[in-house]
Amino acid sequence: MANKQPLNIVKMKKYKQDGIPLSMITAYDYPTALLAEEAGIDMILVGDSLGNVVLGYNSTLPVTIDDMVYHTRSVVRGAENTFIVADMPFMTYHGSVDETLKGVRRLMQEGHAHAVKMEGGIEIAETVKAVVQAGVPVLGHIGLTPQSVNQIGGYRIQGKDAADAKRLMDEAKALEAAGAFGIVLELVTEQVAEAISNELSIPTIGIGAGRGCDGQVLVFHDVVQYASPYTPKRFVKTYGDVGSLIRSSIESYVKEVKNRSFPAEEHVFSAADGVVDGLYGQRKEKVETHK
């Protein structure tokens, strides 16, 4: 989309005020980012979910800053006119501010991201503030935070009781006060997510957080069922079945190679008349020389 104008954090806040939902999807490489931009997506998240869906890990924890820089740079090349957020991976923003800023610098300077995302609430508010003061937009992330999955006891719905709802509200307000331009709400009950969205002046982006958020984000591989086997998720709607198409396409290729129907006449190139005869002639001469 050559004429597409990328969003910025000022426009996103205006979208919230005007009631215009924000669309966001993950991408991890050039062709996916290119297709997402052509489809008109508002924002792309280069998520550390790449650990699960691209690198084959069973969690996001092994993902490194090098991984994130590499994939972010690829995505930016594919979606030059889209606002791109890159995840700060596990344990890269829980130490000193100086160490945090080193990782942020790499994602911005080497990866060419427009913003970074950090998981956590009150406990990272001061870090978020420092990064924002350094001139880098920060997207918060509360509710189910996959980097803390071992601490919170698995992939559990958040905000099911009054105490948990208050905790989430306090965390959201702390992130807003720290300068975050928006907050991802993951696997939060719809009522609590809507209450948080109504309370904040910055947009919320839901994933499994119901209809009251200011936008939605899904993992690309879930949207198009790019997995084998694909595991359905209640909070995800799939819009295609790319995995089955890819598998059947490769199966057809293997079958045609085995039965020699590929390559066919239309896939080959022909030499000029006499070229092959000349090759055989050279071969005959060499054989006769050795007699």
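A brief look at the structure comes next. (Residues numbered from 1 in each chain as written. Predicted model: local features only at pLDDT ≥ 70, side-chain atom pairs only at ≥ 80, totals over all residues. Heavy atoms only, no water.)

## Considering the overall build of the protein
Assigned secondary structure in the protein consists of twelve helices and eight strands. Computed over the C-alpha atoms, the radius of gyration of the protein is 25 Å, more than 25% above the 19 Å expected from 2.2 N^0.38 for a compact globule of 291 residues. When the backbone C-alpha atoms are referred to their principal axes, the protein occupies close to 95 × 40 × 40 Å. Split into buried and exposed, the 291 residues of the protein put 45% on the buried side. (Helix = DSSP H or I, 4+ residues; strand = E, 2+ residues; numbered from the N terminus. Rg over C-alpha atoms; globule rule 2.2 N^0.38 Å. Buried < 20%, exposed > 50% of the residue type's maximum accessible area, 1.4 Å probe, protein only.)

## As for the nonpolar core
Ile44, Val116, Met118 and Leu185 are the most contacted members of the largest nonpolar core, which has 72 residues in total. For this core, the element with the most residues is helix 8 (residues 162-178), which contributes seven residues. (Core = buried A, V, L, I, M, F, W, Y, C linked by side-chain atoms within 4.5 Å.)

## Section: the packing of helix 2 (residues 30-38) against helix 4 (residues 65-78)
As a packed pair, helix 2 and helix 4 sit with axes 7 Å apart at the nearest point and diverge in direction by 40°. Relative to helix 4, the element helix 2 is oriented oblique. As helix 2 runs across helix 4, the sense of the crossing is right-handed. Across the interface between the two elements, Tyr30, Ala33, Leu34 and Glu37 from helix 2 touch Ser74, Val75, Arg77 and Gly78 from helix 4. Class assignment of the residues belonging to the contact of helix 2 with helix 4 gives a composition of four nonpolar, two polar and two charged. (Axes fitted to C-alpha atoms, helices over the stretch in contact; angles between N-to-C directions. Parallel < 35°, antiparallel > 145°, perpendicular 65-115°, else oblique. Left-handed = near helix turned anticlockwise from the far one by under 90°. Contact = heavy atoms within 4.5 Å. Nonpolar A, V, L, I, M, F, W, Y, C, P; charged D, E, K, R; others polar.)

## Let's talk about the pairing of strand 2 (residues 43-46)
Of the two faces of strand 2, the one carrying Met43 and Leu45 and the one carrying Ile44 and Val46 are both buried. Across three bridges, the pairing between strand 1 (residues 22-26) and strand 2 is parallel. Considered in strand 2, the bridge of methionine 24 is made with methionine 43. Chirality of the crossover, the property in question, places the unit of strand 1, helix 2 and strand 2 among those that are right-handed. Across four bridges, the pairing between strand 2 and strand 3 (residues 83-87) is parallel. Looking at the pairing, leucine 45 lines up with valine 85 of strand 3. (Pairing = 2+ DSSP bridges. Right-handed = clockwise from strand over helix to strand, strands pointing away.)

## Points about the side chain of histidine 221
Structurally, histidine 221 is set in helix 10 (residues 220-223). According to the relative accessible area criterion, histidine 221 is buried, its value standing at 8%. Histidine 221 has contacts with Tyr28, Val53, Val54, Tyr226 and Tyr230, leaving out every residue within four places of it along the chain.

## Thoughts on the pattern of salt bridges
Pairing is possible between side chains of opposite charge, provided their charged atoms come close. Following the criterion strictly, the structure yields twelve salt bridges and no others. One salt bridge in this structure joins glutamate 99 and lysine 102, with 3.2 Å as the shortest N-O distance. Of this pair, glutamate 99 and lysine 102 both sit in helix 5 (residues 97-110), three residues apart, roughly one helical turn. Classification of glutamate 99 as partly exposed rests on a relative accessible area of 46%. A salt bridge links arginine 167 to glutamate 171; the shortest N-O distance between them is 3.3 Å. With arginine 167 and glutamate 171 both in helix 8 and four residues apart, this pair spans about one turn of that helix. Linked through salt bridges whose partners overlap, the residues forming this network are Asp66, Arg106 and Glu110. (Salt bridge = Lys/Arg side-chain N within 4 Å of Asp/Glu carboxyl O.)

## Topic: the environment of alanine 172
Of note, alanine 172 is situated in helix 8. Put simply, alanine 172 and glycine 215 are 43 residues apart on the chain and 16 Å apart in space, counted from C-alpha to C-alpha. Sequence-distant contacts of alanine 172, defined by excluding residues within four places in its chain, comprise Ile142, Ile183, Ile196 and Leu200.

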